[in-house]
Structures are given as C-alpha cells and as structure tokens.
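These are the residues of each chain, in order.
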Amino acid sequence: LPETDAGIVDSTNEKPIDYNEYLKKVNDERSGRLSTPYDGNVPNYTRSDKNKLLTAEEREKYVSAGTGDMPNRKGAMMTKEQALADAEICFKAFYTYYSLYEYFDADKFEEAERKAVAAINAYYEEEGDMPMTDGDFYDIMLSSLDFIVDAHAGMYGTSRKGSFAKLNKKYTYAYYVEDIIFREDDTGYYTLVQGKKWYLESVNGGDFAEYLKVTIDESGELVYALVRIANPDEEKLDGDTLTVKRGETEYSHKIVWKKYNTRESAGETIAGVRIENGVPIIHTRNFYNDSYDAELLKYANTGSQLKNQKLFIIDLRGNGGGSSRYARSWVLNYSGSNVGYPFLSAKLNAGLSGSSLNGWIRQYVPKENPNNTIVLIDKDVASSGELAYQYHSTFNNTLFVGTNTNGCMLAGEYVYVQLPNSHTVFVIGTLYIDSCKEYYNGMNPEGIGLMPDVFVNSTEALDLSMKMIEYYGIEKSKDTSGITTFGTGKR
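Peer 1: Would you mind showing me how to read the overall build of the protein here?
Peer 2: Helix and strand content of the protein: 10 helices and 25 strands. Taken along the three principal axes of its C-alpha coordinates, the protein extends 80 × 60 × 45 Å. Looking at the protein as a whole, 54% of its 491 residues qualify as buried. Long-range pairs, those at least 24 residues apart, make up 76% of the contacts in the protein between residues at least 6 apart in sequence. Carbon and sulfur atoms make up 46% of the accessible area of the protein, which amounts to about 21700 Å² in all. Looking at the protein, you have 52 positive and 71 negative side-chain charges, and the mean spots of the two groups are 4 Å apart.

Okay, here's the thing in structure tokens:
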C-alpha cells in the first residue's frame, strides 16, 4: 500500500454487529419476503394433442416409475429412421409427463424438436450410410434442450449423464476474498493494514453493497467479507478489483475469488444428536427413508425434545434430499403445527386422452420460535434438504450459516423414459414446485440455491458457529438431560 498522511487519526467510533439486532433484521426481511402474496400465473394447463402424447403401448414399453432403479444403458448404432424415432419418443415423453413443459415454454420444446430433427438429418446427409452412435445422438438431443434449468430432470447415456442444470452449466456458486475482512465505524467499512484503517471505497469502480456479506471471524465475531455469487461458466471471475481509501489516498487491488468449500461426510451416521459445550447439535446428511428410516424417525422426534432448549444447531450440510416427510415431521413435533412455507405446487396427471396440470398456492404461515436456532447449509444441500431449509425459515430466531445451497427444487416425482434405439434414459419430473419467494436477484433459485444469512466455508461452519455462540454469550439451556443422544457426527 502507498504511504499516507501520517497525521490521519483513525475514528474510534466503532459500529460492531450486534447479534440480536442482526438476527432480527434477517428474520424480518425473510418474513417480509415470504409473506408477500404470489402475483404470478398459477399453472392450469391441459395437453390434449394426441399426436404429441405417448400411446398406451409406448408408455408400457418405454416408461417406468422413478422410484425404481434406473434402466441400464448400453452402446448403440442407429440408422436414420431409428434416430428420428427416438427423438419423436423423447419429445412426446416431455409433452406427456413434464410438469415444467409450459414453465420453460411449450414453443421452445417444439423448436427443440425441429432443431433435433434437422441435426439428425444433417448428420446422415454428411455421413451417408454411417450409423449414428448413441453418443452422437446424446449430443444432438442435449444441444436442442439447452434451455432447461432443472437439477432433478436429466439425460443419462453410456458415456455422459447428469441433470439438465449440470449438463447445461447452470450452477451458481459463492466466492469470497480470502484473508480480508471488514468492520464498520462511523466513517464506513474498513480493513486494518498494519494497524491502520483503509476504507472500502468501491468494487469495480462502483457500489460494493451487493458484495458485502456478513461472515464470522476466528474469534467468533460477526464481521463483513466480500462475496460474489456467480456462475463460472457464464461469468468471468478474473478482472474484478476492490478500491480502498485512507484519507485522500486510494489503492486498487485485484480480487482473487476463492470458492467456498463443501465438506465430505465420512465416518458418521446419516443422522444423530450430540451435545457439545451445552449446545445440542442435530445432524442429518440425507432423507433417504428406504435405507435409514429408523435413524431419520429419531431425527424427526428430536423436534419434541428441543422445544425447551434455548439454543440448538441443525446441521444440514451435505443433505442431498430424499423424502420430505422427516423434515415436515420435525416441524410438527417442534411447533405442534404443520409446515407453513409458501410455494406454488402443481401435480401432473398423465392420462391417455391428455395430460393436465393443476396448480395451487400454499400461503406463508409464520411460526413463533422461543429459542435460538442455527441451521448449517452448503452447496451440497439439495431437494428435500432444501425443503428442510425452507421449513426452518418459517420460524423466527433462525440464523442460516454456510453457503448457498444446490438449487434443486423445481421438479420432482419423476419417471424414467428409455428410448428404444439409443437406450438413452430421460428423467422427467411430474411435480412442479416453485419456491416463488426465494428469488436471488430476480431469478428462480434452481441451480442458484437458497442463501445463508452468514457466509462461511462449509468445513468451518460448525466451529465458527460455536465460537460465535461463545463470543456473543448466546443463552443456552442449563439442562440438556431431556435430549436423547444417538449416532455419531463430525464437525
């Protein structure tokens, strides 16, 4: 940094973040957002074009319930007629079963089919009698469906596979500036360099407000960090600069963004409860009821035991989803009433004469929380794990710590459709759930995720939360004997 006027006297009028005030602020903002009435169009559609619907015979041959094992795929070589037949079955399947057909625009699916057919014809015009591989077919179909942002629905071939959000590169992550934190005084937001205050002037020459997020420092104090929410496949992460100022001297510094990490779950049970330093910690890494029903039922029952605990931590890090009933049961056991999170829901009924989609809105019902709840999240929290986040967000006195979640909520209750010639499998959701009050910068959270109130690395989230509890003296219950501990958990 350049030399500055030695006569500058730094302000001592500090404005530290007060935990209770910040908790109230983020809860009031969340409640205000969730309580805003839905003003969009509720989907009520009927698809009755029989030429676009799968026939009863085609459904019998190519469609299976998504609750079973995914059909096996094998390599294939196809004639032009076979490739065109597979493309036709694919788009009929989307018309018949996809709950988001109108959401992503029916015209786009029709244009995608024309694009796919044209690409198949062009392939054989160029290659002559050369058969098309299943891999070539996969590339053509994916290219035509590049507008789908859905982290549940996807394409599965022999060499490539994944959700449309992944395949179409629609995932957004949180990045931070390492080792630079800011505090606030009556002059502005500052960082200390050799004991001297340098004030945050701008990011990229403009307003820094969207980048300034609350984090936890090593002492447990709530401070500020520079955070960027970005899709690295659509946005450049290099070239950003921050400018700091001391007196009349400015200095611009190139920003090196570092991605917030996720934690690996190893050597611990899927669910469990333990007590650390007087704080009950409840963790659950998934909601897969077929394999872990007994553990997850215990998890749901902890809701009853935590009613009288002044402080507890819900650790959802890495929870990739499963059945939402355990998270719903936890809320019912804790509060005595069902979930009150607002969303738009629509279930598709795929009949032979037509497919109908009938939507409805569930209104927000705020819940009183007499206790302090800290919920840990990261980018690996998805699907029903994110529904658990949403359920907890209906309670006041709840603070979310970690990073943005996966963004995997828009569709569910899927079917498998395996094409007869390429053997490509499409995963198509028949349930439409739009979490319409969790938009980030006006965007649907699919692929983006739900945001924390406090940004920290996933691997440090529990350690830093415990330090925060001690730093601010957040009240704990003196008696935790009513909590049944089970399972093993790791930080």
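Next comes the rest of the description.
Peer 1: Help me out: how do you make sense of the packing of aromatic side chains in this one?
Peer 2: Here the distance between the centres and the angle between the planes together describe a pair of aromatic rings. Here the structure, examined in full by the defined rule, presents 29 aromatic pairs. Here the aromatic rings of Tyr101 and Phe109 are separated by 4.5 Å at their centres, their planes lie at 15°, and the arrangement is stacked. The same class applies to Tyr101 as to Phe109, namely buried. Taking 5.8 Å as the distance between ring centres and 45° as the angle between the ring planes, the aromatic pair formed by Tyr414 and Tyr416 counts as tilted.

Peer 1: What am I meant to see in the nonpolar core here?
Peer 2: Soluble globular proteins tend to pack their nonpolar side chains together in the buried interior. Residues Phe94, Leu145 and Phe426 are the most contacted members of the largest nonpolar core, which totals 50 residues. Every element with two or more residues in this core is listed here: helix H3 (80–97), helix H4 (106–127), helix H5 (134–144), helix H6 (164–167), strand E19 (343–350), strand E23 (411–418) and strand E24 (425–434). For this core, the element with the highest residue contribution is H3, accounting for 9 residues. Contact partners of Phe94, with chain neighbours within four places excluded, come to Arg47, Tyr101, Phe109, Leu145, Ile148, Phe164, Phe426 and Ile428.

Peer 1: Is there a simple way to think about the pattern of salt bridges in this case?
Peer 2: When the charged atoms of two side chains with opposite charge come close together, those side chains can pair. Counting across every chain of the model gives 29 salt bridges. For Arg47, the salt bridge identified is with Glu102, shortest N-O distance 2.7 Å. Within this pair, whereas Arg47 is found in strand E1 (residues 44–47), its partner Glu102 is found in the loop between H3 and H4, the two being separated by 55 residues in sequence. Since its relative accessible area comes to 2%, Arg47 is described here as buried. Ionic pairing is found between Arg285 and Glu268, a salt bridge with its closest N-O pair at 3.0 Å. One end of the pair, Arg285, is in the loop between strand E17 (279–284) and helix H7 (289–305); the other, Glu268, is in the loop between strand E15 (257–259) and strand E16 (271–276), and 17 residues separate them in sequence. Comparing Arg285 with Glu268 shows no difference in burial state: the two are buried. Here the residues in one salt-bridge network are Arg263, Glu268, Arg285, Asp315 and Arg317, joined through shared partners.

Peer 1: For this particular structure, what's the right way to read empty space enclosed by the protein?
Peer 2: Unoccupied space between atoms shows up once a probe the size of one water molecule is rolled over them. Overall, the coordinates contain 1 cavity of 30 Å³ or more when judged by the stated rule. As a volume, the largest cavity reaches approximately 30 Å³. Considered class by class, the residues forming the lining of the largest cavity number 4 nonpolar, 2 polar and 2 charged.

Peer 1: Would you mind going over helix H8 (residues 325–335) with me for this structure?
Peer 2: Since one α-helical turn is 3.6 residues long, residues separated by three or four positions face the same way. For H8, the full list of buried residues reads Tyr326, Ala327, Trp330, Val331 and Tyr334. Buried residues of H8, viewed axially, fall in a sector of 145°; they line one side. For H8, the secondary structure elements touched by its buried residues are H7, strand E18 (311–315) and helix H9 (384–392). Directly beyond the C-terminal end of H8, a positive phi value near 85° is found at Gly336.

Peer 1: Any chance you could explain the layout of surface pockets here in plain terms?
Peer 2: Taken as a whole, the largest pocket holds about 1100 Å³ of empty space. Every residue lining the largest pocket is counted, 36 residues in all, and those nearest its centre are His152, Gly322, Ser383, Glu413 and Tyr414. Residue assignment for the lining of the largest pocket shows that the elements contributing at least two residues are strand E6 (161–163), H7, E19, H9, E23 and E24. For the lining of the largest pocket, the element with the most residues is E23, which contributes 5 residues. In terms of residue class, the lining of the largest pocket is made up of 15 nonpolar, 15 polar and 6 charged.

Peer 1: Even after reading the chapter, I still don't get the sheet that holds strand E8 (residues 183–184), so can you show me in this structure?
Peer 2: Backbone-to-backbone hydrogen bonds pair the strands of a sheet. The strands run either parallel or antiparallel. Spatially, E8-E9-E10-E13-E14 is the arrangement adopted by the 5 strands of the open sheet, whose pairing is antiparallel. With partners counted over all chains shown, the strands left at the sheet margins are E8 and strand E14 (249–254), one partner each. Here strand E10 (residues 196–203) pairs with strand E13 (residues 241–246) via 4 bridges, running antiparallel. Opposite Tyr199, over in E13, you have Lys245 as the bridge partner.

Peer 1: Help me understand the pairing of strand E20 (residues 355–362), please; the structure alone is not making it clear to me.
Peer 2: A regular strand carries its side chains on alternate faces of the sheet. Direction of pairing for E1 relative to E20: antiparallel, over a ladder of 4 bridges. Directly across from Thr46, in E20, lies its bridge partner Ser356. Examined bridge by bridge, E19 and E20 share 8 bridges and lie antiparallel to one another. The partner of Ser345 across the bridge, within E20, is Trp360. Counting the residues between successive antiparallel strands, the hairpin from E19 to E20 contains 4 residues.

Peer 1: Looking at this model, I keep getting lost on the sheet that holds strand E12 (residues 222–230). Mind explaining?
Peer 2: Within the open sheet, the 4 strands sit side by side as E11-E12-E7-E15. Their pairing is antiparallel. Of all the strands in the sheet, the pair left with one neighbour each is strand E11 (212–216) and E15. Neighbouring strand axes in the sheet, compared pairwise and without regard to direction, differ in orientation by 50° on average. With 3 bridges connecting them, strand E7 (residues 173–177) and E15 associate as antiparallel partners. Counted as the bridge partner of Tyr175 is Lys259 from E15.

Peer 1: Please clarify how the packing of H3 against H4 should be interpreted in this entry.
Peer 2: A pair of packed helices is characterised by two quantities: the angle between their axes and the separation of those axes. For the pair H3 and H4, interaxial distance at closest approach is 10 Å and the crossing angle is 170°. The orientation of H3 relative to H4 falls into the category roughly antiparallel. Here Lys80, Ala83, Leu84, Ala87, Glu88, Phe91 and Phe94 of H3 come into contact with H4, specifically with Phe109, Ala112, Glu113, Ala116, Val117, Ile120, Asn121 and Tyr124.

Peer 1: Can you help me understand the environment of Asp217 in this one?
Peer 2: Note that Asp217 resides in the loop between E11 and E12. On the accessibility criterion, Asp217 (12% relative accessible area) is buried. Expressed as a C-alpha distance, the spacing of Asp217 and Asn44, which sit 173 residues apart in the sequence, is 49 Å. Excluding its chain neighbours within four sequence positions, the residues that come into contact with Asp217 are Ile181, Arg183, Val223 and Leu464. A polar contact of 2.8 Å, which involves the side chain of Asp217, links it to the side chain of Arg183.

Reading the values: rules and limits
- Residues numbered from 1 in each chain as written.
- Predicted model: local features only at pLDDT ≥ 70, side-chain atom pairs only at ≥ 80, totals over all residues.
- Heavy atoms only, no water.
- Helix = DSSP H or I, 4+ residues; strand = E, 2+ residues; numbered from the N terminus.
- Buried < 20%, exposed > 50% of the residue type's maximum accessible area, 1.4 Å probe, protein only.
- Contact = heavy atoms within 4.5 Å.
- Areas by Shrake-Rupley, 256 points an atom, 1.4 Å probe, with all protein chains shown as cover.
- Lys, Arg positive; Asp, Glu negative; His and termini not counted.
- Charge placed at Lys NZ, Arg CZ, Asp CG, Glu CD.
- Phe/Tyr/Trp six-rings, centres within 6.5 Å; stacked < 30°, edge-to-face > 60°.
- Core = buried A, V, L, I, M, F, W, Y, C linked by side-chain atoms within 4.5 Å.
- Salt bridge = Lys/Arg side-chain N within 4 Å of Asp/Glu carboxyl O.
- 1 Å grid on protein atoms, 1.4 Å probe; cavity = no way out; pocket = protein on both sides within 12 Å on 5 of 7 lines; lining within 4 Å.
- Points joined across faces, edges and corners; volume = space filled by probe spheres on them.
- Nonpolar A, V, L, I, M, F, W, Y, C, P; charged D, E, K, R; others polar.
- Arc of directions from axis to C-beta.
- Pairing = 2+ DSSP bridges.
- Axes fitted to C-alpha atoms, helices over the stretch in contact; angles between N-to-C directions.
- Parallel < 35°, antiparallel > 145°, perpendicular 65-115°, else oblique.
- Polar contact = N/O pair within 3.5 Å; in protein donor to acceptor, adjacent residues only side chain to side chain.

Read these as layout, nothing more, since geometry by itself doesn't imply function.
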